[in-house]
Each structure stands twice: as C-alpha cells, then as structure tokens.
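Reading the structure
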Amino acid sequence: MPGIDLSFARYVAARKGQARARARDGAAYAYGGDLKVRSALARLRPVTLAVEATLRFWQSVGRSNLLGSAIRVGPRQFPRIHGLALRCAETLQIPMPAVYVTPDVGVVNAQTVGTRDDASIIISGALIDHLSETELLSVLGHECGHIHNDHTVYLTTLYFLSQAGSQLVRWAAKPAVLALNAWARRAEITCDRASLLCTRDLAASTTTLVKLAVGSKKLYSDINIDEYMQQLDEVGSGPGRWQELFATHPYLPKRVQALRLFARTTFFRAGQGAQDETPALTKDECDAQVAELLKVL
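Here's a quick rundown of the structure. (Residues numbered from 1 in each chain as written. Predicted model: local features only at pLDDT ≥ 70, side-chain atom pairs only at ≥ 80, totals over all residues. Heavy atoms only, no water.)

1. Let's talk about the packing of helix 6 (residues 133–148) against helix 10 (residues 202–214)
- Axis separation between helix 6 and helix 10 bottoms out at 9 Å; the angle between their running directions is 80 degrees. Comparing their axes, helix 10 and helix 6 come out roughly perpendicular. Taken together, the residues of helix 10 that come into contact with helix 6 (itself represented by T134, E135, S138 and V139) are A204, S205, T207, T208, K211 and L212. (Axes fitted to C-alpha atoms, helices over the stretch in contact; angles between N-to-C directions. Helix = DSSP H or I, 4+ residues; strand = E, 2+ residues; numbered from the N terminus. Parallel < 35°, antiparallel > 145°, perpendicular 65-115°, else oblique. Contact = heavy atoms within 4.5 Å.)

2. Some thoughts on the environment of R255
- Within the secondary structure, R255 sits in helix 14 (residues 252–263).
- Take R255: its relative accessible area is 10%, and that puts it in the buried class.
- Sequence separation between R255 and R186 is 69 residues; the distance between their C-alpha atoms is 9.8 Å.
- Those residues in contact with R255, other than ones at most four positions away along the chain, are H142, E188, I189, D192, L209, H249 and P250.
- Of the polar contacts made by the side chain of R255, one reaches the side chain of E188; its length is 3.5 Å. (Buried < 20%, exposed > 50% of the residue type's maximum accessible area, 1.4 Å probe, protein only. Polar contact = N/O pair within 3.5 Å; in protein donor to acceptor, adjacent residues only side chain to side chain.)

3. Re the sheet that holds strand 3 (residues 110–115)
- Strands sit in the order 1-2-4-3 across an open sheet of four strands; the sheet is mixed. The two strands at the open ends of the sheet, each matched to only one other strand, are strand 1 (71–72) and strand 3.
- Here two bridges tie strand 1 to strand 2 (residues 98–102), and the two strands are oriented antiparallel to one another. Following the sheet pairing, R72 is matched in strand 2 by Y100. (Pairing = 2+ DSSP bridges.)

4. A short note on the layout of surface pockets
- When its volume is computed, the largest pocket comes out at roughly 710 Å³.
- Taken together, 29 residues make up the lining of the largest pocket; nearest its centre are N109, A110, E188, T248 and H249.
- The set of elements that each furnish at least two residues to the lining of the largest pocket consists of strand 3, helix 6, helix 7 (152–163), helix 9 (174–199), helix 10 and helix 14.
- When its residues are assigned to classes, the lining of the largest pocket shows 12 nonpolar, 13 polar and four charged. (1 Å grid on protein atoms, 1.4 Å probe; cavity = no way out; pocket = protein on both sides within 12 Å on 5 of 7 lines; lining within 4 Å. Points joined across faces, edges and corners; volume = space filled by probe spheres on them. Nonpolar A, V, L, I, M, F, W, Y, C, P; charged D, E, K, R; others polar.)

5. Here we look at the nonpolar core
- If you look at the biggest cluster of nonpolar residues, it comprises 45 residues, and the most contacted ones within it are I81, I123, L140 and V290.
- V290 has contacts with Y31, I189, R193, A258 and L261, leaving out every residue within four places of it along the chain.
- Formed by 19 residues, the second largest nonpolar core is a distinct cluster that contains L55, V153, L161 and A173. (Core = buried A, V, L, I, M, F, W, Y, C linked by side-chain atoms within 4.5 Å.)

6. Description of the side chain of S195
- When you line up the elements, S195 lands in helix 9.
- Only 3.4 Å separates the side chain of S195 from the side chain of S205, close enough to count as a polar contact.
- Once you skip the residues sitting within four places of it in the chain, S195 turns out to touch S138, G141, H142 and S205.

7. Side note on unusual backbone geometry
- In this model, D150 sits at a positive phi of 60 degrees, which is unusual for a non-glycine residue.
- Positionally, D150 belongs in the loop between helix 6 and helix 7.
- The class of D150 is buried, set by a relative accessible area of 3%.
- Unusually for a residue other than glycine, R200 sits at a positive phi of about 55 degrees.

This is the structure in structure tokens:
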C-alpha cells in the first residue's frame, strides 16, 4: 500500500498543486460551490482534526475492515466492470482506479474511499444486477469524478464519522459532520457532471440517479420522471427541506434539475458536437442557477 502522509498541512499543500494541474488538464466541469466550500473546510479546525484522525485510522485498520471481504475488479475478475471503469478513467484523464465489488446483495450502492494516493471505488453486487451497462458507466463515472476532484479524503472522513459506533463520538464530531455534509451535497453535483461526461447520455444518467434513489426495478417502472420533477417546488418550500441540512446528498429532484442545467452548458455541448434548441448556458450561469436550486435556508 502506498505511504500515507498524516500531516493535514502537507495534504492541503499537495492538493493546491493538484488544483493547478487540474486547471491545466481539464477538471473544469467542477461545480463552483464545491470548490468554494472545499476551500473553506481546510480552515475549519474540527474538520482538520477529523481528517487527521481518519488518515491514521485508515492506515491502521480502516482499509482492511472496509475492503477485507470485497473482490478486486480486473481484466480477469468482473472484466466488464473493469472495462467500464477504464473508459471513465480515460474520459476524465485519471489513472485507472482500484475498483472492488462487495458481496452485499441487499444494498444498491457505490462509494469512493481512501486517501489521495490510495483511492478505491466500492460497488455492491446488487448494483451490477440492478443497472444496465450504460447506467453502470454512469455510476463509475460519478465515482471517478470524486477521485478526479480530490474528494476522497473528505468522503472517507465523513464516512467514518457517520459510522462511528459510539454516540458520544458522533456528538463530539457533529460540527465536522455538518460542515462536511454541506460540502458533500455540492460535491455530488460535480460528480453527477462527471457521470454525464462519461455517458454522454442525459437520459441514462438521469435514470441512474432515480434508480439508485428508489432501489427497486419494480418501483422505478412506475415512476414518471417529468411528474416526479414537479415535486421540486414541494422540496424547496415544505418543512422537510430542513432535513436536507443533515444529508450528504441533495434531494433527488434538485440533482436531476442541476444535471439538466449542466447538459445545456456550452462546456458540455462542445464535447457533444450536437445542436440543441434550448438556449445555451455558460458554466458560470449554470453554477449560479444551481446555487439557487441547492439553497436550503
């Protein structure tokens, strides 16, 4: 396993260098709110303490605990998944990530954990059965987006803080969790965009989001996407919106609408090489509309 730097200050310094490299190499799709909040996290003491503790825990027992029963994807194990992950890595211009399949057949889920130098994508066995090839490409593109945008350490920190067995530990870590949740909701927008860049198929990426949310093929077959999107007004004005402050993902109608906005940007359309009758948006215009969409308070 690669050596892990346990100094948060060194991690931030290295990340700044990576940010300059991304600006040159093309992670220009990232949602501006993600970048802004992530920059603020580096100045929050509860978050820096939590990150340092997580890095130590990951190096000692965290990695083996989480990946011990998983199966490593490769050319000879789950070759189809390996090929899809390789396509995403090539699209986003990142090294081929480590991908694992967990035998948990009851959970439709995917996540990215680890460190900047040791990131792993984990997908459940149920996910493979549940999704089409293009939808799996969408999921892997999303997770590769986390790696491309250097989200991994913060995601791992949030995972372990949320999964901590002691209620006392969870309560003490609440300031860090709330700050990381606020960032994570914005990071999901960035990675939904990465998903769309990998699939080049708005319908497939939207379908994937909804399927992952409902978790059932039978339920999904009864959902009308356009009617479902009408719930967006209810989400923004009802009392349930307060619960979103404690969530790691924006409410689904917001994610779908944010993805539709990105599909209208000149950035995305330039790669598509196709004409669209709807007015194009600059990325800044898209980000401004998404910021309004994601507001909770």
